[in-house]
Amino acid sequence: MLYTNQQLHLLYVHYIHPVPFNRFTKLLQENPLLEDLHSYSALQWSNIFNLPIERMKQFPEKYREISRLPIVDMLKINHVVPITYYHSNYPEELKQLCDPPSVLYTKGNKLLLKKHPRVGIIGSRTATSYSKMALEFIVPPLVDRQIPIVSGLAAGADTMAHQAAIDYGGETIGVLGHGFSHMYPKRNQKIAEEMAENHLLVTEYPPYFPPAKWTFPMRNRIISGLSNVLVITESVERSGTMSTVEHALDHGKEIFAVPGAIDSPLSVGPNKLLDEGAKPLWSGYQIIDSLL
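Residues numbered from 1 in each chain as written. Predicted model: local features only at pLDDT ≥ 70, side-chain atom pairs only at ≥ 80, totals over all residues. Heavy atoms only, no water.

1. Quick word on the packing of aromatic side chains
In step 1: According to the stated counting rule, one finds 17 aromatic pairs in the structure shown.
In step 2: Arranged with centres 5.6 Å apart and planes meeting at 80°, the rings of Phe 21 and Tyr 86 form a pair that is edge-to-face. On the criterion of sequence distance, the pair formed by Phe 21 in the loop between α1 (5-16) and α2 (25-30) and Tyr 86 in the loop between β1 (81-84) and β2 (103-108) is long-range, its members being 65 residues apart.
In step 3: For Phe 21, a relative accessible area of 11% corresponds to the buried category.
In step 4: For Tyr 86, a relative accessible area of 28% puts it in the partly exposed group. (Phe/Tyr/Trp six-rings, centres within 6.5 Å; stacked < 30°, edge-to-face > 60°. Helix = DSSP H or I, 4+ residues; strand = E, 2+ residues; numbered from the N terminus. Buried < 20%, exposed > 50% of the residue type's maximum accessible area, 1.4 Å probe, protein only.)

Right, here's the structure in full:
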């Protein structure tokens, strides 16, 4: 991949200070091509990001250091390809977000970002065998139509969705809430490696960036943004799953929910969504019909 100077400078700044693209508005208004950033002072960076100058004291030197490194080549050694907001490979649908990722760090088959449509499948980290059984009805028709499955590689329903796509011979995209030098949960290391080899992993965080409580809600908007429709298998009423649903509703995406037993706490979320207008789902063909 080729990068313009503007793209490289955006990557350098983001690598040090990984924030969404809307946080760069002030900088881009005064310096659209991101030129001569090595001359910026701590005070300038403080004003640009609206942060205390104490937090930005080291920023000028860090920028000068990172801009001297062959950062793209260093990432490539670890099979990581960065896609900046300005690059032609950046997904147009993510630009519709109010806070799109400034950079997507990718591992695997980047062509999956060009495939449409895509279906997001999410659910509880403590999803039961009911989610796994539901996916047996939902995923095969999607795979037959070569529709990639998007999820968050979390424990439970997310992992089940990725695994179902793999088992049925389909393609899947995992959106991470941390950099590639980390894995959360650790037990997903094996499936993550398989996806990095044969499917696609994406994250808006540089490799060194660890998982944190707030990074996963941020990740959820990317899952929604990359998905044409969103499926919920199991979820309690208030959860990260439901925050992804809120993003999807904000983005005008169609929501499908798997109806569940009245006495199951993990069916409260989907059943409530059905009451609020989500479509009941029992077959992947329903999704295909809605996408045609």
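2. As for the side chain of Thr 106
In step 1: With respect to the helices, strands and loops of the structure, Thr 106 is situated in strand β2.
In step 2: From its side chain, Thr 106 meets the backbone oxygen of Val 81 in a polar contact 2.8 Å long.
In step 3: Contacts of Thr 106, omitting those with residues within four sequence positions, involve His 79, Val 80, Val 81, Ile 83, Leu 113, Phe 180, Leu 200, Leu 201 and Val 202. (Polar contact = N/O pair within 3.5 Å; in protein donor to acceptor, adjacent residues only side chain to side chain. Contact = heavy atoms within 4.5 Å.)

3. Some points on the sheet that holds strand β3 (residues 119-122)
In step 1: Pairing within the open sheet is mixed, and its 9 strands lie in the order β1-β2-β6-β5-β4-β3-β7-β8-β9. Strand pairing shows two members of the sheet lacking a second neighbour, β1 and β9 (279-280), which therefore form its edges.
In step 2: α1 contacts β1 and β2 of the sheet and is inclined by roughly 90° relative to β2. (Pairing = 2+ DSSP bridges. Axes fitted to C-alpha atoms, helices over the stretch in contact; angles between N-to-C directions.)

4. Description of the packing of helix α7 (residues 157-167) against helix α8 (residues 189-198)
In step 1: Where α7 contacts α8, the axes come no closer than 11 Å and their chain directions differ by 45°. One way to sum up the angle between α7 and α8 is to call them oblique. Here α7 and α8 pass one another in a crossing that is left-handed. Along the contact surface, α7 presents Thr 159, His 162, Gln 163 and Ile 166, while α8 presents Ile 191, Glu 194 and Met 195.
In step 2: When the residues that make up the contact of α7 with α8 are grouped by side-chain class, the tally is 3 nonpolar, 3 polar and 1 charged. (Parallel < 35°, antiparallel > 145°, perpendicular 65-115°, else oblique. Left-handed = near helix turned anticlockwise from the far one by under 90°. Nonpolar A, V, L, I, M, F, W, Y, C, P; charged D, E, K, R; others polar.)

5. A look at unusual backbone geometry
In step 1: In the segment running from His 116 into Pro 117, the intervening peptide bond is cis, with an omega of -5°.
In step 2: Locating Pro 117 in the fold gives a position in the loop between β2 and β3.
In step 3: The residue after Tyr 184, namely Pro 185, is reached through a cis peptide bond having omega -5°.
In step 4: Here Pro 185 lies in the loop between β5 (172-175) and α8.
In step 5: Not every positive phi belongs to a glycine, and Leu 34 is a case in point at roughly 55°.
In step 6: One can find Leu 34 in the loop between α2 and α3 (42-49).
In step 7: For Leu 34, a relative accessible area of 1% translates into the label buried.

6. Digging into the side chain of Thr 241
In step 1: Structurally, Thr 241 can be placed in helix α10 (residues 240-250).
In step 2: Only 3.0 Å separates the side chain of Thr 241 from the backbone oxygen of Gly 123, close enough to count as a polar contact.
In step 3: Dropping the residues within four chain positions of it, Thr 241 is found in contact with Ile 122, Gly 123, Ser 124, Ile 232 and Ser 235.

7. Thoughts on the pattern of salt bridges
In step 1: Taken as a whole and judged by the stated rule, the model has 10 salt bridges.
In step 2: With its nearest N and O atoms 3.5 Å apart, the salt bridge here joins Arg 64 to Glu 61. With a gap of 3 residues between them, Arg 64 and Glu 61 both fall in helix α4 (residues 59-68), about one helical turn apart.
In step 3: Given a relative accessible area of 28%, Arg 64 falls into the partly exposed group.
In step 4: Accessibility expressed as a relative area gives 34% for Glu 61, which makes it partly exposed.
In step 5: One salt bridge in this structure joins Glu 276 and Lys 272, with 2.7 Å as the shortest N-O distance.
In step 6: Owing to a relative accessible area of 54%, Glu 276 belongs among the exposed residues under this scheme.
In step 7: Each of Glu 61, Arg 64 and Arg 68 takes part in a single network of salt bridges with overlapping partners. (Salt bridge = Lys/Arg side-chain N within 4 Å of Asp/Glu carboxyl O.)

8. Some words on helix α6 (residues 129-144)
In step 1: The end-to-end C-alpha distance of α6, which contains 16 residues, comes to 23 Å, matching closely the 22 Å that a straight helix rising 1.5 Å per residue would cover.
In step 2: At Glu 136, α6 shows its maximal bend, which comes to roughly 35°, and the proline Pro 140 appears one to four places after that position.
In step 3: Among the residues making up α6, those that are buried are Ser 131, Ala 134, Leu 135, Ile 138, Val 139, Pro 140, Pro 141, Leu 142 and Val 143.
In step 4: Buried positions along α6 lie against β3, β4 (149-151), α7, β7 (229-232) and α12 (284-291).
In step 5: Directly after α6, the chain includes Gln 146, whose backbone phi takes a positive value near 60°. (Expected span 1.5 Å × (residues − 1). Bend = angle between axes of the 7 residues up to and from the residue.)

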